[in-house]
2 protein chains.
Amino acid sequence: MSHSNYSQPDPKLDLVLERIVDVPRELVWKAWTAPEHIKKWFAPAPFTTPDCEIDLRPGGIFRVVMRSPEGQEFPVDGCYLEVVENERLVWTDALNPGYRPSKKPFFTAVITLEPHEKGTKYTATAIHKDETDRQKHEEMGFHGGWSICLDQLIAVAKKM
Amino acid sequence: MSHSNYSQPDPKLDLVLERIVDVPRELVWKAWTAPEHIKKWFAPAPFTTPDCEIDLRPGGIFRVVMRSPEGQEFPVDGCYLEVVENERLVWTDALNPGYRPSKKPFFTAVITLEPHEKGTKYTATAIHKDETDRQKHEEMGFHGGWSICLDQLIAVAKKM
């Protein structure tokens, strides 16, 4: 199957984090696709990630639970859409496993990993249905939060 | 990529149309995947299908407009999730092209085609987020409507 080329972000609707990271993309991929790694970096400290379930194929579950220092839990319930090893990972919370429409659709995440002389060009795009949701995600701290989590991911990858 | 095996329908949430049809699955596939064919069978007569747009790959557009005899239009705006030629077609209106969460999520459709001595075992499954949506789809005439459309599809396939 060939895949979508609709991944040009729309600045009104989407949020993008793009960084060059000094680890090879194979390790970034590993950090993104195994529960034991995800639990170490997915939530910005002092939040934690006590639970993660992964079935790494289109239609398979991607479930993560983040927990605040006060104990409040923030689950992400989604499913994978595209799984192209070391290159491209797409998941959404608009669908649950088996592509069942979800009760709390909010965004689709596209993670792309490109080879770079210093390691990897890492691009994370969050795709929303409208400007309201994009703005809400921005106010939730998308840029700072995802950037902190990427630092945590890099630290995890360097210990592999 | 391997694909989802979450396709066991849940009778509380899903609707299933299963029939043996006397045309080879390659023709059923063609009828489902080209706008010029879709326009001839997608809406139950006397409804028509004046418009259809297809980009046959995961993340690609699947858009159909149905029109009532009175001229009222009923659009389906969705995107493909899985495209396995002659075997399995999955699309949803919970996502728009590029996997953007949609404003009117309602169901995911899974069409499976299996070889059968009389032609093709055809299974169409509509997957909903809850019982309310399943019931609404049932009351909209899922079983009768999709069955009439399948008759129309067979007639189209036989003229290919």
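A short tour of the structure in this document, coming up. Keep in mind that this is a model prediction, so the values were computed, not measured.

**A closer look at the overall build of chain A**
Phase 1 of the analysis: Secondary structure assignment for chain A yields 4 helices and 9 strands.
Phase 2 of the analysis: On C-alpha atoms alone, chain A measures out to a radius of gyration of 15 Å, which is about the 15 Å that the 2.2 N^0.38 rule sets for 160 residues.
Phase 3 of the analysis: Counting only C-alpha atoms, chain A reaches 45 × 40 × 30 Å along its principal axes.
Phase 4 of the analysis: Counting all 160 residues of chain A, 54% fall into the buried class.
Phase 5 of the analysis: Restricting the contact set of chain A to residue pairs at least 6 apart, pairs at least 24 apart contribute 48%.
Phase 6 of the analysis: For chain A, the exposed surface amounts to about 7500 Å²; the carbon and sulfur share of it is 50%.
Phase 7 of the analysis: Of the side chains in chain A, 20 bear a positive and 24 a negative charge, and the two mean positions are spaced by 3 Å.

**Re the sheet that holds strand E3 (residues 61-67) of chain B**
Residues and elements named next belong to chain B.
Phase 1 of the analysis: Taken in spatial order, the 7 strands line up as E1-E9-E8-E5-E4-E3-E2 in an open sheet, and their pairing is antiparallel. Either end of the sheet is taken by a strand with one partner, and the two such strands are strand E1 (14-21) and strand E2 (48-54). Between one strand axis and the next, the sheet turns by 20 degrees as a mean value, whatever way the strands run.
Phase 2 of the analysis: Here strand E5 (residues 88-92) pairs with strand E8 (residues 108-116) via 5 bridges, running antiparallel. The residue of E8 that forms the bridge with Thr92 is Thr108.

**Regarding the interface of chain B and chain A**
Phase 1 of the analysis: Between chain B and chain A, the contact holds 37 residues from the first and 37 residues from the second.
Phase 2 of the analysis: Both sides together, the interface formed by chain B and chain A hides about 3000 Å², and carbon and sulfur atoms give 63% of it.
Phase 3 of the analysis: At the boundary of chain B with chain A, the tally comes to 2 salt bridges.
Phase 4 of the analysis: B:Asp14 is the salt-bridge partner of A:Arg100, the closest N and O atoms lying 2.8 Å from each other.
Phase 5 of the analysis: The interface formed by chain B and chain A contains 8 residue pairs in polar contact (both at pLDDT 80 or more).
Phase 6 of the analysis: Counting residues per element, the ones that place at least two in the side of chain B that touches chain A are strand E4 (73-84), E5 and strand E7 (100-101) of chain B.

**Some points on the environment of B:Ala34**
Phase 1 of the analysis: As for its placement among the helices and strands, B:Ala34 is situated in the loop between helix H1 (25-33) and helix H2 (35-41).
Phase 2 of the analysis: In sequence terms B:Ala34 and B:Cys52 are 18 residues apart; their C-alpha atoms lie 8.7 Å from each other.

**Some words on the pattern of salt bridges**
Phase 1 of the analysis: Applying the stated criterion to the full structure yields 23 salt bridges over all chains.
Phase 2 of the analysis: With a shortest N-O distance of 4.0 Å, A:Asp130 and A:Lys129 are connected by a salt bridge.
Phase 3 of the analysis: For A:Lys129, a relative accessible area of 24% puts it in the partly exposed group.
Phase 4 of the analysis: The residue B:Glu73 makes a salt bridge to B:Arg67 at a minimum N-O spacing of 2.6 Å.
Phase 5 of the analysis: When its relative accessible area of 41% is taken as the criterion, B:Glu73 is described as partly exposed.
Phase 6 of the analysis: By sharing partners, the salt bridges in this structure join A:Asp51, A:Arg63 and A:Asp77 into a single network.

**Structural notes on the sheet that holds strand E2 (residues 48-54) of chain A**
Residue and element names in this part refer to chain A.
Phase 1 of the analysis: The strand order E1-E9-E8-E5-E4-E3-E2 describes an open sheet built from 7 strands, whose pairing is antiparallel. Across the chains shown, the open sheet's two edge strands, defined by having one partner strand only, are strand E1 (14-21) and E2. Adjacent strand axes in the sheet meet at a mean angle of 20 degrees, parallel and antiparallel pairs treated alike.
Phase 2 of the analysis: Looking at chain direction, strand E3 (residues 61-67) and strand E4 (residues 73-84) are connected through 7 bridges and run antiparallel. Across the sheet, Arg67 pairs through a bridge with Glu73, a residue of E4.
Phase 3 of the analysis: Relative to the sheet, helix H1 (residues 25-33) contacts E1, E2, E3, E4, strand E5 (88-92), strand E8 (108-116) and strand E9 (119-127), its axis offset from that of E8 by approximately 160 degrees.
Phase 4 of the analysis: Strands in contact with helix H4 (residues 142-158) are E1, E8 and E9; relative to E1, the strand with the most contacts, it is inclined by about 30 degrees.

**As for the relation of the copies chain B and chain A**
Phase 1 of the analysis: For the pair chain B and chain A, the best superposition has an RMSD of 0.0 Å and corresponds to a rotation of 180 degrees with a translation of 0.0 Å parallel to the axis. What the superposition gives is, in effect, a two-fold axis relating one chain to the other.
Phase 2 of the analysis: Most of the interface of chain B is mirrored in chain A, where 100% of its interface residues are also at the interface.

**Description of the pairing of E3(B)**
Consecutive side chains along a regular strand alternate between the two faces of the sheet.
All names here are of chain B.
Phase 1 of the analysis: Most of E3 sits inside the fold, with 5 of its 7 residues counted as buried.
Phase 2 of the analysis: Looking at chain direction, E2 and E3 are connected through 5 bridges and run antiparallel. Note that in E3 the partner of Ile54 across the bridge is Phe62.
Phase 3 of the analysis: The hairpin formed by E3 and E4 contains 5 residues between the paired strands, and Gly71 there has a positive phi angle of roughly 100 degrees.

**Details of the state of the cysteines**
All names here are of chain A.
Phase 1 of the analysis: Here the structure, examined in full by the defined rule, presents 0 disulfides over all chains.
Phase 2 of the analysis: In this structure Cys52 is a free cysteine whose sulfur lies 13 Å from that of Cys149, the closest cysteine sulfur available.
Phase 3 of the analysis: A relative accessible area of 8% places Cys52 in the buried class.

Quick notes on the rules
- Residues numbered from 1 in each chain as written.
- Chains lettered and ligands numbered in written order.
- Predicted model: local features only at pLDDT ≥ 70, side-chain atom pairs only at ≥ 80, totals over all residues.
- Heavy atoms only, no water.
- Helix = DSSP H or I, 4+ residues; strand = E, 2+ residues; numbered from the N terminus.
- Rg over C-alpha atoms; globule rule 2.2 N^0.38 Å.
- Buried < 20%, exposed > 50% of the residue type's maximum accessible area, 1.4 Å probe, protein only.
- Contact = heavy atoms within 4.5 Å.
- Areas by Shrake-Rupley, 256 points an atom, 1.4 Å probe, with all protein chains shown as cover.
- Lys, Arg positive; Asp, Glu negative; His and termini not counted.
- Charge placed at Lys NZ, Arg CZ, Asp CG, Glu CD.
- Pairing = 2+ DSSP bridges.
- Axes fitted to C-alpha atoms, helices over the stretch in contact; angles between N-to-C directions.
- Buried area = accessible area lost by both parts, 1.4 Å probe.
- Salt bridge = Lys/Arg side-chain N within 4 Å of Asp/Glu carboxyl O.
- Polar contact = N/O pair within 3.5 Å; in protein donor to acceptor, adjacent residues only side chain to side chain.
- Least-squares fit on C-alpha atoms with pLDDT ≥ 70 in both.
- Disulfide = S-S within 2.5 Å.

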